[in-house]
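Chain by chain, the residues run as shown.
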Amino acid sequence: MRFFGTTWLDHSGHYGLRRAGVAAGSLALAVACAVLLRIGYQGMALAEVGRLINVLVVGMFAICTAIAFGRTLRSFTKREDPERRQSLRGLMAIGFLGVLVAWSVRSLREAPGEGLHRAEYEEAVARATRRRARRTGHPGRRAGR
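Residues numbered from 1 in each chain as written. Predicted model: local features only at pLDDT ≥ 70, side-chain atom pairs only at ≥ 80, totals over all residues. Heavy atoms only, no water.

Caption draft 1: Region of interest: unusual backbone geometry. Within the chain, Glu48 stands out as a residue other than glycine whose phi angle is a positive 50 degrees. As for its placement among the helices and strands, Glu48 is situated in the loop between helix 1 (15-47) and helix 2 (51-75). (Helix = DSSP H or I, 4+ residues; strand = E, 2+ residues; numbered from the N terminus.)

Given below as structure tokens:
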């Protein structure tokens, strides 16, 4: 929620405008990065590295982008294992276009991570309510049993 300057409970102060700005900004950055990748691909074509290398590079970027898109969208709704996240850091760096597009898509609906924070909060409230319900009565009387 750092880009929105708000908490997931308080949507005041042009929250929708900031969300639209993040969506547009991440999409614009994705387009700029795609143009840079295209220039890099044209450089490979000029260097005549061969058809196999061109196919491998395009395939690698396409697969990594698709995986990064899916993992990023999933990370907005479910907390990931830190070790697994660390091990896939390189893949996510290669598939940076997928990460940017996922941020843009998610920002159209809500702030990225907002739903996860809300679900964790509601789960903590439910746990506290269950814990409080079990602790009824005078604790001093139970000690004598």
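Caption draft 2: The packing of aromatic side chains, seen in detail. Under the defined criterion, the tally for this structure stands at 1 aromatic pair. When the ring of Phe76 is compared with that of Trp103, the centres are 5.6 Å apart and the planes differ by 90 degrees; the resulting orientation is edge-to-face. One end of the pair, Phe76, is in the loop between helix 2 and helix 3 (82-87); the other, Trp103, is in helix 5 (residues 96-109), and 27 residues separate them in sequence. The partly exposed category is assigned to Trp103, whose relative accessible area is 21%. (Phe/Tyr/Trp six-rings, centres within 6.5 Å; stacked < 30°, edge-to-face > 60°. Buried < 20%, exposed > 50% of the residue type's maximum accessible area, 1.4 Å probe, protein only.)

Caption draft 3: Region of the structure containing the pattern of salt bridges. The full count for this structure, using the stated rule, is 3 salt bridges. The partner of Glu80 in a salt bridge is Arg71, with the nearest N and O atoms 3.4 Å apart. Given the relative accessible area of 22%, Glu80 is considered partly exposed. When its relative accessible area of 12% is taken as the criterion, Arg71 is described as buried. In this structure, Arg127 and Glu123 form a salt bridge, with 2.9 Å as the shortest nitrogen-oxygen distance. Here the residue Arg127 and the residue Glu123 both occupy positions in helix 6 (residues 114-134), the gap between them amounting to 4 residues, near one helical turn. Its relative accessible area of 48% is what places Glu123 among the partly exposed residues. (Salt bridge = Lys/Arg side-chain N within 4 Å of Asp/Glu carboxyl O.)

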